[in-house]
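# Observations on the model geometry
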Amino acid sequence: MPDSMSRLVWPLAALALLLAFNAVVSPSFFHLHFAEGRLASPLIDVLNQGAPVLLLALGMTLVIAAGGIDLSVGAVMAIAGAVAARVLETDASAAAAVAAALAVCLAAGLWNGLLITFAGVPPIVATLILMVAGRGIAQLITDGQIITVEPGSAFLAIGRGALLGLPAPVLIALAAAGALSAAVRLTSLGLFIESVGGNEEASRHAGLDVRSTRLAAYAIMGLLAGLAGLVDAADIAAADANNSGLYLELDAILAVVIGGTALTGGRFSLLGSLAGAILIQSLSTTILMAQFGGRSVPVELNLVIKAAVVLIVCLLQSSELRRLLLRTRRAVA
Amino acid sequence: MAHALVEMRGIVKTYPGVRALDAVDFTLRTSEIHALVGENGAGKSTLIRILTGAERRDRGTISLDGAMIEPRTPLAAQRLGIATVYQEVNLIPDLSVAENILLGYEPRSRLGWIGWGAMRERARKVIADMALSVDVSRPLRSCSIAVRQLIAVARAVDQRAKVLVLDEPTSSLDAGETAQLFALMRRLRARGLGIIFITHFLEQVYEVSDRVTILRGGRCAGTHATGELPRLALVSAMLGKTVERAAPPAAVKSPGVAGPRRECLRAADVFRRRAMQPFRLSLYTGEVLGLAGLLGSGRTELARLLFGLDRRDGGQIRINGRLIRRHSPRRAIRAGMAFTPEDRRTAGLIAHLSVRDNIVLALLAARGWAKRLGKQERQAIAERFVRSLSIATPDLRRPVAQLSGGNQQKVILARWLLMEPTILLLDEPTRGIDIGAKEQIESLIDELRARGMAIIFISGELEEVVRVSGRIMVLRDRAVVGELAGAAVSTADVMRRIARPAAEDGHA
């Protein structure tokens, strides 16, 4: 089995197991029906609510593969919503609002990248700065208020619209995943990112532009965080600077790790990160829906169960642990 | 009267497949500075690691002050009075000088609190004892590397050390800083300490040491009073051959070259502080220029400056007639240069990437990220070079880390050959690879030269440099000290040039 496949096995297996669990414990999970002109089922809901994390996880995969990390993506989401809501207040078109928000978020990504590549600030510190400052900036843009979007605005289609029965956020996330996969595999960008993240010194020797490669990863991350913020704002029809994207950077990093991309950089798998993001998101829904003898799982257990499942997936991936277990088994036999 | 302080007898250490030390004897006296020299793999570090408890010996005995000792950890060795200062100073930059000197030995009050005043006082006394002048409350970070080095020595000596091991302490110091360290070493010697001084700099061996022990291939190749050992004898002992019997060049270089020769690389007064003295170099198409010198003589530093890996502090470099202003590997590559680094694994290969991706990496980097190369084209290029260089790999998708050393080296060569460079810098291309692969690479070099490529060839193996090169630049102590040309050049000539005292360099 090629290396790239073997790393995908565990996240996909865990996801399949979780879905199978759902099929048994709460059969309505897969129950598809039409409501309000689109397909509805808990499974679709998972994808719909998980769209922002999916988008973040895509960008985070590239950033981590290039040897970095981005803690600011949740705050950048808040900025995107705030900018879009402000632009919409001026009676500008939805397209203008989207363009303005994405431009600002691209700039935020570049800012992170420049701090890291040219100023030499460690990635965790550089993006921590924007994580804290970004939410403040979003609050400044909204004057600390929740700015609601007019009910009739075309902008809301991003969060609530549907095409071919699929909700818009799901389509956007899938389109972004497709476009990004094509972009990194059809150009040399994916190889450059894996090379820079795998061995920076050797990449420099080979004549790679290490800085530009890192910068590109952060720029793409900024754009995707902006997209995630727009989806979130359109979904709730408001820009909530305090809560939009809160803690989502952690879910995104988790999704990447579960997906088999090493935090130390190098090889990456966008498909793995997608599986990781869906796994994280469907866990919450699974826990909510699961019934045991007519009783549901207490809400307080949510985070603990989530952590336990994530831990198990990570342990399954650990080659050290597998080696240890093999040795024990041999010692016993 | 000086007596034996440390006696190591019949030390044997075997690693899987390698006998690192083969019955080595080593004696350090009180009040002496004892230089320990040898090329790569001679066993210097292994011997020191055994003395300082970082490694266990397989056989042999160690005694300190006449009593048998058995240091199992560096800490245990320290308690016995054997202190070590490594090249990479192991101190904590964010703590103050005083804290660094007394870390783990802080003066405590009866309640167990640290007495900060007493600590600074004590540190000040230690510093003054060594005739240094440093504000002990400054963070170590604000001190130069040289001062940190001195502070590391101060810390070691304050812990009542009898033996001080200095592992290449001068490799990143300039002349003034080195003099400061030597002054401190001499003061410590006067106090009765025995100092083991590991260095690659021949001049420094003669400047500061009383005796010198030479290791070669895991054996002791002699211990001598430094003043009585001629330089040439020292170099011969390190390289393992006598000047009289030095092998003649195995093959006479064929002068046949396609096309007229032209100067394709010129460096004028290029230098980098602490790394390389100003040097001049001209390289012509269709020639192999060898760089010869002992380990640490500046061979690699010179190549790194030419390729733009290290920023030069002055001087001019022209590649194919073009003046290179803001030098970088990217610019060097664009101008037609290629470089295979000494350390394949850290600087050459991207270990987790496939053989194919490693081969096409430089080409893709030069084309930019947007100009893709189809999978089939990449495959075809990689296949062509795997065949022409006979790289042994089960398939092209195999991670390059799984290949043998010789095949890894060929993968890097393939990466550069497909760029069709005019200038090829090869830093230790044959180190750690088997004989067969080595011969293949040597004949490839000659083939490329005959096709008109200009090659700079670096190797620690003198015979190889003489065999492969048409012209040889000799380096010593981070400076170019001479040039030898012609088919009659022998390893003995090169050794004589390496061994000549610095004072005579001016008049060749």
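Residues numbered from 1 in each chain as written. Chains lettered and ligands numbered in written order. Predicted model: local features only at pLDDT ≥ 70, side-chain atom pairs only at ≥ 80, totals over all residues. Heavy atoms only, no water.

### Quick look at unusual backbone geometry
Residues and elements named next belong to chain B. The phi dihedral of Ala-23 falls on the positive side, at around 55 degrees, and the residue is not glycine. Here Ala-23 is to be found in strand S2 (residues 18–29). Residue Ala-23 is classed as partly exposed on the basis of its relative accessible area, which comes to 46%. Despite not being glycine, Glu-420 shows a phi value in the positive range, around 50 degrees. As for its position among the elements, Glu-420 is in the loop between helix H14 (405–417) and strand S17 (423–427). (Helix = DSSP H or I, 4+ residues; strand = E, 2+ residues; numbered from the N terminus. Buried < 20%, exposed > 50% of the residue type's maximum accessible area, 1.4 Å probe, protein only.)

### Overview of the nonpolar core
Core analysis: the largest hydrophobic core is formed by 106 residues, its most contacted members being Leu-265, Leu-281, Leu-306, Ile-456 and Val-494 of chain B. Setting aside chain neighbours within four positions, we find Leu-281 of chain B in contact with Leu-265, Arg-266, Ala-267, Leu-289, Leu-302, Leu-306, Ile-456 and Met-473 of chain B. Of all hydrophobic cores here, the second largest spans 81 residues; its members include Leu-54, Ala-138, Leu-180 and Ile-258 of chain A. (Core = buried A, V, L, I, M, F, W, Y, C linked by side-chain atoms within 4.5 Å. Contact = heavy atoms within 4.5 Å.)

### Re a positive patch on the surface
Together, Arg-211 of chain A together with Arg-311, Arg-322, Arg-326, Arg-331 and Arg-334 of chain B make up a positively charged patch on the protein surface. Its place among the elements puts Arg-331 of chain B in helix H10 (residues 329–334). (Patch = residues over 30% accessible without salt bridge, like charges linked within 9 Å, V, L, I, M, F, W, Y side chains within 5 Å. Areas by Shrake-Rupley, 256 points an atom, 1.4 Å probe, with all protein chains shown as cover. Salt bridge = Lys/Arg side-chain N within 4 Å of Asp/Glu carboxyl O. Lys, Arg positive; Asp, Glu negative; His and termini not counted. Charge placed at Lys NZ, Arg CZ, Asp CG, Glu CD.)

### Describing the pattern of salt bridges
Considering all chains together, one arrives at 34 salt bridges over all chains under this definition. Across the pair Asp-22 of chain B and Arg-19 of chain B runs a salt bridge, and its minimum N-O distance is 3.3 Å. Given the relative accessible area of 40%, Arg-19 of chain B is considered partly exposed. We note a salt bridge from Arg-231 of chain B to Glu-203 of chain B, for which the minimum N-O separation is 3.0 Å. One end of the pair, Arg-231 of chain B, is in helix H8 (residues 231–239); the other, Glu-203 of chain B, is in helix H7 (residues 202–208), with 28 residues separating them in the sequence. According to the relative accessible area criterion, Arg-231 of chain B is buried, its value standing at 17%. Under the relative-accessibility criterion, Glu-203 of chain B is labelled partly exposed at 23%. Linked by salt bridges that have partners in common, Arg-86, Glu-89 and Asp-143 of chain A make up one network.

### With respect to the domain arrangement of chain B
All names here are of chain B. The domain boundaries assigned to chain B delineate domain 1 (4–229), domain 2 (250–336 + 421–508) and domain 3 (351–420). For the pairing of domain 2 and domain 3, the buried interface totals around 1100 Å² over both sides, and the portion due to carbon and sulfur atoms is 75%. Considering only the side of domain 2, the residues that lose the most area to domain 3 are Ile-333, Pro-421 and Leu-444, jointly responsible for 37% of the buried surface there. In this assembly, domain 2 and domain 3 are joined by 0 salt bridges. (Domains from an automatic or database assignment. Buried area = accessible area lost by both parts, 1.4 Å probe.)

### Considering the sheet that holds strand S9 (residues 211–216) of chain B
Residues and elements named next belong to chain B. Spatially, S6-S7-S8-S3-S9-S10 is the arrangement adopted by the 6 strands of the open sheet, whose pairing is mixed. In this open sheet, the two edge strands, each paired with only one partner strand, are strand S6 (82–85) and strand S10 (219–225). Looking at each pair of strands side by side, their axes are set apart by 20 degrees on average, direction ignored. In the sheet, strand S7 (residues 163–167) pairs with strand S8 (residues 194–198) via 5 bridges, with the strands oriented parallel. Bridged to Leu-166 within S8 is Phe-197. Sheet strands in contact with helix H5 (residues 145–158) are S6 and S7, and its direction is about 170 degrees off that of S6. (Pairing = 2+ DSSP bridges. Axes fitted to C-alpha atoms, helices over the stretch in contact; angles between N-to-C directions.)

### Quick notes on the sheet that holds strand S20 (residues 479–485) of chain B
Residues and elements named next belong to chain B. Read from one edge to the other, the open sheet built from 6 strands follows the order S16-S17-S18-S13-S19-S20, with strand pairing classed as mixed. In the strand order of this sheet, the two ends are held by strand S16 (337–340) and S20, each with one partner. Averaged over all adjacent pairs, the angle separating strand axes in this sheet is 15 degrees, with direction ignored. For strand S13 (residues 288–292) and strand S19 (residues 471–476), the ladder comprises 4 bridges, and the chain directions are parallel. Of the residues in S19, the one forming a bridge with Ala-292 is Val-474. The sheet contacts of helix H9 (residues 299–307) involve S13, S16, S17, strand S18 (454–458), S19 and S20, and relative to S16 the element is tilted by about 145 degrees. Contacts from H14 reach S16 and S17 within the one sheet, and its direction differs from that of S16 by about 175 degrees.

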